[in-house]
Amino acid sequence: GINDKRNIVLATVIAGALAGLAGGMVYLAGTVNYTIEKNLLGMGFDGIPVALLGSSEPLGVILSGLFIGYIRIGGQAMHIN
């Protein structure tokens, strides 16, 4: 059979590594000025509407994540101008 506990841990480790790599790349790119109090702590709560909009389906989560990101960046752009 398939070792389900090992696969769950492996999937969690891979997802965490990819998320950490993506977050590190965004932070180290230096294109955006992040302050921990304003932006980074609030970004964790974006996962809830992304999962709800995507109905916890892989393709739906990707599309809803892009949509929420588009709304967030667009709102910041409108606020600056």
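See the structure above.
The following paragraphs examine the structure supplied in this document. All values derive from a computational prediction rather than experimental measurement.

### Structural notes on the overall build of the protein chain
Counting its secondary structure elements, the protein chain contains four helices and zero strands. For the protein chain, the N- to C-terminal ordering of α and β elements is α-α-α-α. Surface exposure of the protein chain reaches about 6900 Å², of which carbon and sulfur atoms provide 71%.

### As for helix α1 (residues 4–29)
Under the 1.5 Å per step criterion, the end-to-end length of α1 is 37 Å for 26 residues, consistent within 8% with the ideal 38 Å. For α1, the tally of buried residues reaches only zero of 26 residues, placing the bulk of the element at the surface.

### A closer look at unusual backbone geometry
Its identity is not glycine, yet Ser 55 carries a phi of approximately 55 degrees, on the positive side. As for its placement among the helices and strands, Ser 55 is situated in the loop between α3 (47–53) and α4 (58–80). Residue classification places Ser 55 among the exposed positions, given a relative accessible area of 51%. Of note, Ser 56 is a non-glycine position whose phi angle comes to about 55 degrees, a positive value. With respect to the secondary-structure elements, Ser 56 resides in the loop between α3 and α4.

### Here's the deal with the pattern of salt bridges
Across all of its chains, the model carries one salt bridge by this definition. Residue Asp 46 pairs with Arg 72 through a salt bridge whose shortest N-O separation is 2.8 Å. Of the two residues, Asp 46 is situated in the loop between α2 (36–43) and α3 and Arg 72 in helix α4; the sequence distance between them amounts to 26 residues. Taking relative accessible area as the criterion, Arg 72 reaches 27% and is therefore assigned partly exposed.

### Some points on the environment of Ile 68
Relative to the elements of secondary structure, Ile 68 occurs in helix α4. By relative accessible area, which is 17% here, Ile 68 ends up buried. Residues Ile 68 and Leu 53, 15 residues apart in the sequence, show an inter-C-alpha distance of 9.5 Å. With residues up to four places along the chain from it excluded, the contact list for Ile 68 reads Asp 46, Val 50 and Leu 53.

### Considering the side chain of Ser 64
Within the secondary structure, Ser 64 sits in helix α4. A polar atom in the side chain of Ser 64 sits 2.9 Å from the backbone oxygen of Val 50. Dropping the residues within four chain positions of it, Ser 64 is found in contact with Val 50, Leu 53 and Gly 54.

Procedures and definitions
Residues numbered from 1 in each chain as written. Predicted model: local features only at pLDDT ≥ 70, side-chain atom pairs only at ≥ 80, totals over all residues. Heavy atoms only, no water. Helix = DSSP H or I, 4+ residues; strand = E, 2+ residues; numbered from the N terminus. Areas by Shrake-Rupley, 256 points an atom, 1.4 Å probe, with all protein chains shown as cover. Expected span 1.5 Å × (residues − 1). Buried < 20%, exposed > 50% of the residue type's maximum accessible area, 1.4 Å probe, protein only. Salt bridge = Lys/Arg side-chain N within 4 Å of Asp/Glu carboxyl O. Contact = heavy atoms within 4.5 Å. Polar contact = N/O pair within 3.5 Å; in protein donor to acceptor, adjacent residues only side chain to side chain.

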